[in-house]
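Each chain, letter by letter, is given below.
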Amino acid sequence: MMQEGEHDPFFGLNPEDLPDDLSEFLNEDYLRTIDTDDFFGGPWLSCGDELNSFSDAGKPTEPPNQDRPQQRQSDELKDKTNQRRKRPRAPRSQRCSDENTPSRPKRQRAAGRQKTKEAQAEAPVRTGTDAGSEQSPTEVSGLATTPPRILHLHPSIKFITIPEAGGYHVVQALRLSPPVIRLPLPNTAAAPTYILVPASSPPPCRRQLPPLSPVGGAVAPVQMSSSPPGSQSDTASRAMCPPAAPPLSPSIESSPCKEPVLPQSPPVLDVPGVVKDYIQEAKAHMSQACQDMEAGLNLTSHYVEVRVSQRESACSGKNTNKFLDKEMLAMGSTAREKSLMKRDQIFGGLNGNKPRRYILLLGSAGIGKTTLIKKLCLDWSRDRIPQFDFVFLLDGKALTSREPNLSLQTLLLNDSSFASPCTDPEEVYAQILAAPKRVLVVFDGFDEVRDYESLLQTQERDLVTSLQKDSKAQIFTVRQLYSAVLQRVLLPDCTLLLSTRPRGSANQLLRRTDSLLEMSGFTPGDVETYLSQYFTDAALRDSVLDYLKDCSYLRLLCWIPGLCRLVCLVLEQAKCLEDLPKTFTGLCHQVLHLKLEKDRRSSHSEDEDQTEEPQAHITQQRSTHTKSGSKACVPSRPQRARRTKKQEKRSEREEGEEGKNVDGEEDRTKERELLTQLSSLAWEGVKASSSILPAGRIAKKLRAFGQRTGLFLSSHLRRKEVISSEGIEGGEETGNGEKTANKGSPESNGDLFLSWANPFLQSYLAGVHLSLSRTVSDRSFLQTLPFQSGPKGRRRPQREELELTQRFAVGLLFHQRTELQRLHSYTQPAFRDMLDNKQALLRKHLEGLSHADLTPAQVLEACHCVYEASNGSTDSGGSALVSHLAANLPEVLTFHGVPLTPPDVFTMQSVLERGRSEGRRFCLDLENSGIQISGLRALVGLDNINTYRACIADVITFWEQLAQSGEEELLRGAVSRFKIHPLKATQVCHIEQLASLVNIHRHGRLSDSFSQSDSILAEGVPAVKELHKLEFDLGPENGPLALPKLWELLPGLENLQHLDLENSKVGDKGAEKLADALVSLSHLEKLNLSQNCIGDHGVTKLATALRDLPKLHCLSLYSNVISDEGAESLASVLPHMASLTELDVKYNKLTDVGAQSLAARLKSCKNMKTLRMWNQCIPYGVFERLQQQDSRIEWH
């Protein structure tokens, strides 16, 4: 690597005299032979020096001499390289250990330079660690007398001079790339250090510094958190990243200016041992902490895989440049099945897929988002997600509960869920900053965050300024840290996973995400798997499955995993089929009843234990006292004979019954009071759209009652585990890693915050407050009912929890009144009068609705409400509501864009069946609803359905299932009722699905494997025959992707009358293809080709086909690139287009010549009513004269 004389003679030379070829010693092949530990730990590179500044890289610096120790001169090295000769190299130990070993002959210099006649002896490498240490007089004198040794420098080698100073603390680098060589100068007291690095050609965008290890858990400045992964050494960073060029390394990007090609997984840096130990401890801790699902259930034995589908989003509006908001694209059931992914595919980066850095996980309440996140954490702890070294789970509830000030290090390592104790947080945090691509941050329950808009909409500049302003204090608020991470200010290269509900915060997150995932719920097979794991007894499992098959609504509710758990609780206690609830309200009511019964039994058992202990203690004392010899206490035999055993038993029984009656009545009264308070708290949470309970306002008895019954979930801030709300045994882990017992006492609740354990039970209790509380006036009750009058109230989207509360309130008013006794403390007459009054208000409200003005979502919610009212009791009032709704629904029911779940389909089916008895028939629009094939079958199978629209791919799959099962009559009806007119294609898949339907229409069969459908489809598909309007609305970006399919299918649409291809980038080639397809469209009446970049060549091809369309009366070529030549082609066919009444060629490139040609032929077109052809190329005077000659020529 370096040759030097006996006393380092090289450092007495000028850089001009240095040879230009050091590649033999500094190339990568030789560097790979060097032992890394010896190189970086020895004299070649000392990382213990303290450096202050450095000179410009790229210029060799003259070593200082004794006369001018501070003077520096730099000159450009001559860019001459000689051909290297390969020859055997002696081992490094021989070259560096023997001072007398002669060096190899030097290479011949270029012409014109003096040749060296003898070789210089190799000197051993200096082993000193301080380059600036003072030399002895002997060493200094030796510098002047020793013959100079020669260094061969490659042109790519540059000098960087770093004077000695104490202003910098250098951290040992993990890995240095490219190789860095340090040359000490021993001849002066303040000798600089020469660092040689290869020159790099790509110009840097900006100079970046890797993060240093923070002190005291401080948050690193913003500019430090955005550095790429690399060395943590500040000295090495300065050496490798000079202002002239960034470092090159095969492990990182070669140029920071360009987007790098992402590898399959983030590069794995050399991790210190203490960090590796922490990672293993964190995985072991998380493996234990993530196991619990609910009471008696764990992820290992009871987890059922929930399907996750990849969704797509697109900018709203035709002009995507003017709209920043995104909307989630609708997806049919068939497409959803194809987009399903496994857990290991969520983050991408494997099998060549691009890693996903900003992931949004959508799912309704109880769908299993939190459980899936726990399963992902468990997979990471078992080394099944190798992309990440660190996984941090942040809970939205913690942010809602309070606003502490802390650092990012404390938030991640101490306050995140399932965090394990860390012995060296500074070293771990430094590794997090050094390799942020290997960090996963999970935000669970983002919909719980209040004012989440401020976290997402804050301008990044203001946020950075706020962080920099508070950097001196080294702590920030949790909201600042959350916002900084979400807006990519802190840890910009980490992977983010956010879970939220589809409504509300999801719309704000769509434009930031690069991956949109949706939870799909349980399939029927998943439900059976869950029940088989829940009920271990085979006989009980079989009976439960039989019950569930006969109860359709409960079976469909199991589509949501959270409700499947509640159904299992009810099935476990059911003795017969009649005991099972038929409504959602009845299910939650029975679950609450079971929880209260369990709490009462446990309370009685505790009271009996506490009562028996004092009695046993008194009896023991009496027997002890008797044995002591006190004769006065011993009763005589006649006295003992008077108290017979029969009398004792009778008295004990009477006393016990009296005590039980008194205690039972007192317990029921207290229980009702507590339930009243709980229902009031639940309603406050629903109004605030939060599951967090105000811990400071909750009394001790109420908190203990909620925790005993499992209605409350309690958790400690800055604790690692969640306290089970249902009394699950286990401890909490404190900040020191110690476990404390689960206590409900207020003494241990300093940082305790409470939340509702189940969102459905919270909404149910809120409904109890609305329907059964006297504190809710009639006016307030009416205001909380759904379907408020007025455009504002009618169009406002309802939150999911509020919809459930309204549904439960309606169901409770018509529920069995005998079962509501435990929910109120009123007298029977007062309770009856209150229910009758609110029922009358509800009927009046629902009967006064204008059903034609209801939105699709409100129509669906109305079906849910009347179903809860009609099936909750035998009262005829609820049944009358269903009949009234079925009789007043509009004939065309549109659920376009409204997600339809299996329970939604069931309730809608019940209303439509009631409409059949009323003589009503309906037309259904189920497009973009995501309805499952089973739901499509249930609705289309009704005999009072005239027509239906749905996703074409789902309909084809539905037809294939019917053909496979041999249901020809249902298949015949499904084919004949299906309609697609008018069709508006907004996605590429819409055109592909239409092409499949047209193919079935042409061939007269579904496929070769379904020949039994030949007789039904022999005459084609009626929906294709009746398609009269096709609007191609994919925009200029996606339009060209679907145009080839469109040209293929157009000839099959023989009855098409209106074709709209506006703003689709058809171009001249597309116009030529369209001209070939127009031959088959003899019924075409309107053709819109505006804004399609069609020029003269395309118009010439179109003109020939347009003259043969006998019914075409409207043609728009607005805003294309047609010039006079194209105008002449149009003018030549105008007289032959007898049916044409409107022609629009505005904003093209026509001049007065083309305009006059069109105007001249216009005289021969007697049926033409309007010709629009204004543009800036036509002189105003010419256009005005043409307009005076023919009034049919218009400006607009």
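Keep in mind it's a predicted model, so treat the numbers as computed, not measured.

> Summarise the overall build of the chain; cite the residues concerned and give the values.
Secondary structure assignment for the chain yields 45 helices and 33 strands. The buried share among the 1196 residues of the chain stands at 50%. Here the contacts in the chain between residues at least 6 apart in sequence split such that 78% fall between residues at least 24 apart. Within the structure as shown, the chain displays about 56400 Å² of accessible surface, and the carbon and sulfur contribution to it stands at 48%.

> Residues and numbers for the nonpolar core, please.
When a protein is soluble and globular, its nonpolar side chains tend to lie buried together. The biggest cluster of nonpolar side chains holds 272 residues, and the ones touching the most others in it are Phe584, Trp959, Leu1050, Leu1158 and Met1173. With near-sequence residues (within four places) excluded, Leu1050 lies in contact with Leu1030, Leu1056, Leu1059, Leu1074, Ala1077 and Leu1081.

> Describe the pairing of strand E27 (residues 1029-1032), listing the residues and the values that go with them.
Where strand E26 (residues 983-985) lies against E27, 3 bridges are found, and the strand directions are parallel. Across the sheet, residue Leu983 finds its bridge partner in E27, namely Leu1030. Pairing of E27 with strand E28 (residues 1058-1060) involves 3 bridges; the strand directions are parallel. For Lys1029, the partnering residue across the bridge sits in E28 and is His1058. Regarding topology, helix H40 (residues 1035-1049) serves as the crossover connection from E27 to the parallel E28, and that connection is right-handed.

> Could you give me a rundown of the packing of aromatic side chains, with the residues and numbers involved?
All told, the structure shown has 21 aromatic pairs when counted by the stated rule. Between Tyr534 and Phe535 the ring centres are 4.8 Å apart and the planes differ by 75°, which places this aromatic pair in the edge-to-face class. In this pair, the class of Tyr534 matches that of Phe535, namely buried. Plain terms: the ring middles of Phe1183 and Trp1195 are 4.6 Å apart, the flat faces sit at 55° to each other, and that makes the pair tilted. Taken as a pair, Phe1183 in helix H45 (residues 1180-1189) and Trp1195 in the segment after strand E33 (1193-1194) lie far apart in primary sequence, 12 residues in all. Three or more aromatic residues joined by ring pairs make a cluster, and in this case those are Phe522, Tyr530, Tyr534 and Phe535. The ring of Phe781 is capped by Lys838, whose NZ or CZ atom sits 5.3 Å from the centre of that ring.

> So what about the sheet that holds strand E23 (residues 892-894)? Which residues, and what values?
As summarised here, the arrangement of the 3 strands in space is E23-E24-E25, forming an open sheet in which the pairing is parallel. Edge positions in the sheet fall to E23 and strand E25 (945-949), since each has one partner strand and no second. In this sheet, adjacent strand axes meet at a mean angle of 15° when their direction is disregarded. Pairing geometry for strand E24 (residues 922-925) and E25, over 4 bridges, is parallel. Paired with Asp925 across the bridge in E25 is Arg949.

> Can you lay out the pairing of strand E15 (residues 495-500) for me, pointing to particular residues and giving the numbers?
Of all 6 residues that make up E15, 6 are buried, and the element is covered over most of its length. Residues Thr495, Leu497 and Ser499 point to one face of E15 and Leu496, Leu498 and Thr500 to the other, with burial holding for every one of them. Here strand E10 (residues 358-362) pairs with E15 via 5 bridges, running parallel. The partner of Ile359 across the bridge, within E15, is Leu497. Sheet topology places strand E13 (residues 439-444) next to E15; 4 bridges connect them, and they run parallel. Across the sheet, Val441 pairs through a bridge with Leu496, a residue of E15.

> Quick rundown of the packing of helix H8 (residues 273-289) against helix H14 (residues 425-434)? Include the residues and the values.
At a minimum axis separation of 9 Å, H8 and H14 run at an interaxial angle of 90°. As summarised for this structure, H8 and H14 are arranged roughly perpendicular, according to the angle between their axes. Across the interface between the two elements, Val274, Val275 and Tyr278 of H8 pack against Glu427, Val428 and Gln431 of H14.

Quick notes on the rules
- Residues numbered from 1 in each chain as written.
- Predicted model: local features only at pLDDT ≥ 70, side-chain atom pairs only at ≥ 80, totals over all residues.
- Heavy atoms only, no water.
- Helix = DSSP H or I, 4+ residues; strand = E, 2+ residues; numbered from the N terminus.
- Buried < 20%, exposed > 50% of the residue type's maximum accessible area, 1.4 Å probe, protein only.
- Contact = heavy atoms within 4.5 Å.
- Areas by Shrake-Rupley, 256 points an atom, 1.4 Å probe, with all protein chains shown as cover.
- Core = buried A, V, L, I, M, F, W, Y, C linked by side-chain atoms within 4.5 Å.
- Pairing = 2+ DSSP bridges.
- Right-handed = clockwise from strand over helix to strand, strands pointing away.
- Phe/Tyr/Trp six-rings, centres within 6.5 Å; stacked < 30°, edge-to-face > 60°.
- Lys NZ or Arg CZ within 6 Å of the ring centre and 35° of its normal.
- Axes fitted to C-alpha atoms, helices over the stretch in contact; angles between N-to-C directions.
- Parallel < 35°, antiparallel > 145°, perpendicular 65-115°, else oblique.

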